[in-house]
Number of protein chains: 2
Amino acid sequence: MAENRITIKDLAKRMNLSVSSISRALNDHPSIGEETKKRVKKLAEELGYFPNSVASNFRQNRTYSIGIIAPRIDVYFHSLVISGIEEVMYKSGYNVMIYQSRDSLEREKAITNILQNNRVEGIISCPSIETTDCDHFCKFKTMGIPVVFYDRIPNSNDFSKITINDYEAAFNATEHLISMGCKRISHIAGNQNTGIFSERLRGYKEALEKHHLNVDPDLIIYTSNLSYEDGVKSAQKLLSLPQQPDGIFCANDYTAISAMQVFLKANYKIPQDIAVVGFSNYPISRIIEPHLTTIDDRAFEMGKTAAKLLLRQIEEKNALISSETIVLKSELIIRDSTRKN
Amino acid sequence: MAENRITIKDLAKRMNLSVSSISRALNDHPSIGEETKKRVKKLAEELGYFPNSVASNFRQNRTYSIGIIAPRIDVYFHSLVISGIEEVMYKSGYNVMIYQSRDSLEREKAITNILQNNRVEGIISCPSIETTDCDHFCKFKTMGIPVVFYDRIPNSNDFSKITINDYEAAFNATEHLISMGCKRISHIAGNQNTGIFSERLRGYKEALEKHHLNVDPDLIIYTSNLSYEDGVKSAQKLLSLPQQPDGIFCANDYTAISAMQVFLKANYKIPQDIAVVGFSNYPISRIIEPHLTTIDDRAFEMGKTAAKLLLRQIEEKNALISSETIVLKSELIIRDSTRKN
DNA sequence: TTGTAAGCGTTATCAC
DNA sequence: GTGATAACGCTTACAA
């Protein structure tokens, strides 16, 4: 165990300088002569000195660390958001500590305590499905530690939030189906306790209303997870109706794809007999046949935006942290699953 | 800014006790009376005290943090590995700091320095595509900081590694195609500078040899990325051969899927005319039609195993760190793309 | 331009 | 059982 723990003290002794001079030399403090700086750095190099960020940060009462709490890392959407966060934080010299709540409120609470004890300077989180109030995040607010929520954002106005224009996206997607000639449009909906999914339902409904189309409750299928299997079941329900829809707007891509497959197997033509729109623009949507029309949810951008907002709030710490909401504009990506020409 | 920075000093003053007693009480040190402990904890609670892990860790010369360096987070395989690592580390009370090399050697080197300065206690990494030697990881070895590599593992014997049995998996996959009656089997290969991909090619070749089938260089298509587009191009090349293959073993799922689509469009029947095997068991493989036979690469397990190995090495720090290689057994998952009955 | 010394919050050592 | 004190490695007034 070649313990290689050279400290500035060691450098100081070797050079007959004080530790403060060494510290200043290494940090390019203006009051140190160029000559001395060079010599100090050279010796540091030779002895294999490397700074102890932990000690330095501790002294300065900083950590240059932020925490992410996501339900899971291995969901493509979250992995993209995290990637965006890492990208921005890396360039700004911050460390990113990562935690999965696995959709457990209890675990989420425990993680907030860990982050508090570890003195992270900010937090980016998509709350767990079980999270109804954000009391366990309030401590950060009162300590001046900024928190930014994304995706599943709480109702509270106390925190900053990044989201996309779910309502508008759903509205546009539904209008797109209408413009393709669809008259009986179904919606496969997500958990209505989650804001983004109720917004998508609302957008769907209001687009129908705007175009004087009947909002038929039989055509709205509620699912809990929006899993692939949920999509299969939903499509089967639609197939068993006395009159089938001629268009489906799905709250995510997985259900859209499984619905497409169910209808294809039942010898429906897509998009001629039934047009399908998904949500998220997962990679699979441009691989599956027919290619799926969907909405790009700007996940990577969301991560970058969240990170930049958080950094700004960390830097402005002396000012009172004001909560801010940023809405990213999603994009309808039209592909063969709705292209009727 | 309601600064809520209660320290054990504050508790000590309030209770007319020494800081050491407070520290001991909070840490359930045996030499403190139950009564005192209770009173200290109660006051701590009341004043909203929470421990400063940074200070505590600093004092103890520990960080309870490990670093991950992955090429990217938003590749499903890596996100699964990271998820597995987080799962194990969380349960063991370690923080996970995450970094993306984005396949840049320069960035990877910079990250190793950051991790060194931040005194992580261990590192798990999948080296960048540009990484040919691991010199920049040697400093950890000499400092007694364990490093575990996964997926793209270096040749060096100085580090611990987790991998799957790529050779065997490829061998079995190819034999599976042979057992289904395939005689002209193609391989869509990955970058041969990467060990896992050259192993997959080797497994393919040796399976053919074992069964006295000709290894036809025309049937081996080398790609750089194994991207979806690479798969399309590779399949087109195969289509243009005077004699087409009747089976393809692909080094990943994306190329397998695009190859399937190319052959389907050319009116080949899968698996009757041509059987296809992928590699990785990405979720899309059981969604795409026909469902893709593939090899599960145990990504989540790989993360958990890497984390457990790392923890063991951290805990054993006083002993000399011995490098260890763990090979996980992959699993051939047979689906309709090869099921000829 | 350089040095002295205090201190960040905690724990470990020794003493009582 | 409890207390005093030093120390972890570094930064930063303040002094010189």
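Residues numbered from 1 in each chain as written. Chains lettered and ligands numbered in written order. Predicted model: local features only at pLDDT ≥ 70, side-chain atom pairs only at ≥ 80, totals over all residues. Heavy atoms only, no water.

As a matter of local geometry, DNA strand D sits amid 26 residues, with Ser23, Tyr49 and Arg59 of chain A together with Ser21 and Arg24 of chain B nearest to it. When the atoms of DNA strand D within 4 Å of the protein are grouped by moiety, sugar and phosphate amount to 56% of the total. Contacts to DNA strand D include Ser21 of chain B, whose side-chain N or O atom sits 2.6 Å from a phosphate oxygen. Of all elements in the fold, only helix H1 (8-15), helix H2 (19-26) and helix H4 (53-60) of chain A together with helix H2 (19-26) and helix H4 (53-60) of chain B reach the threshold of two or more residues within the surface near DNA strand D. Counting residues per element, the surface near DNA strand D draws most heavily on H4 of chain A, at five residues. (Near = heavy atom within 4 Å. Polar contact = N/O pair within 3.5 Å; in protein donor to acceptor, adjacent residues only side chain to side chain. Helix = DSSP H or I, 4+ residues; strand = E, 2+ residues; numbered from the N terminus.)

Turning our attention to the sheet that holds strand S9 (residues 275-277) of chain A. Residues and elements named next belong to chain A. In space, the four strands of this open sheet follow the order S7-S6-S8-S9, with parallel pairing throughout. Strand pairing shows two members of the sheet lacking a second neighbour, strand S7 (220-222) and S9, which therefore form its edges. Each strand axis lies, on average, 15° off the axis of its neighbour in the sheet, ignoring direction. Both strand S6 (residues 185-189) and strand S8 (residues 247-250) contribute to a ladder of four bridges, which runs parallel. Bridge assignment links His187 to a residue of S8, and that residue is Phe249. Lying over the sheet, helix H9 (residues 195-210) contacts S6, S7 and S8, oriented at roughly 170° with respect to S6. Here helix H10 (residues 228-239) sits on the sheet and contacts S6, S7 and S8; the angle it forms with S7, its principal contact strand, is near 145°. (Pairing = 2+ DSSP bridges. Axes fitted to C-alpha atoms, helices over the stretch in contact; angles between N-to-C directions. Contact = heavy atoms within 4.5 Å.)

Next up on the list: the interface of chain A and chain B. Contact with chain A, which involves 57 residues of that partner, is made by 58 residues of chain B. Between chain A and chain B, the buried area comes to about 5500 Å², and carbon and sulfur atoms account for 55% of it. Here chain A and chain B share eight salt bridges between them. A salt bridge links Arg107 of chain A to Glu87 of chain B, with the nearest nitrogen and oxygen atoms 3.3 Å apart. At the junction of chain A and chain B, the tally comes to 26 residue pairs in polar contact (both at pLDDT 80 or more). Within the residue set of the side of chain A that touches chain B, elements represented by two or more residues are H4, helix H5 (76-91), strand S2 (95-100), helix H6 (105-117), helix H7 (135-143), H10 and helix H11 (253-265) of chain A. No other element matches the eight residues that H5 of chain A contributes to the side of chain A that touches chain B. Within the side of chain A that touches chain B, the residues separate by chemical class into 30 nonpolar, 15 polar and 12 charged. (Buried area = accessible area lost by both parts, 1.4 Å probe. Salt bridge = Lys/Arg side-chain N within 4 Å of Asp/Glu carboxyl O. Nonpolar A, V, L, I, M, F, W, Y, C, P; charged D, E, K, R; others polar.)

By themselves, these are just geometric observations and shouldn't be taken as functional.
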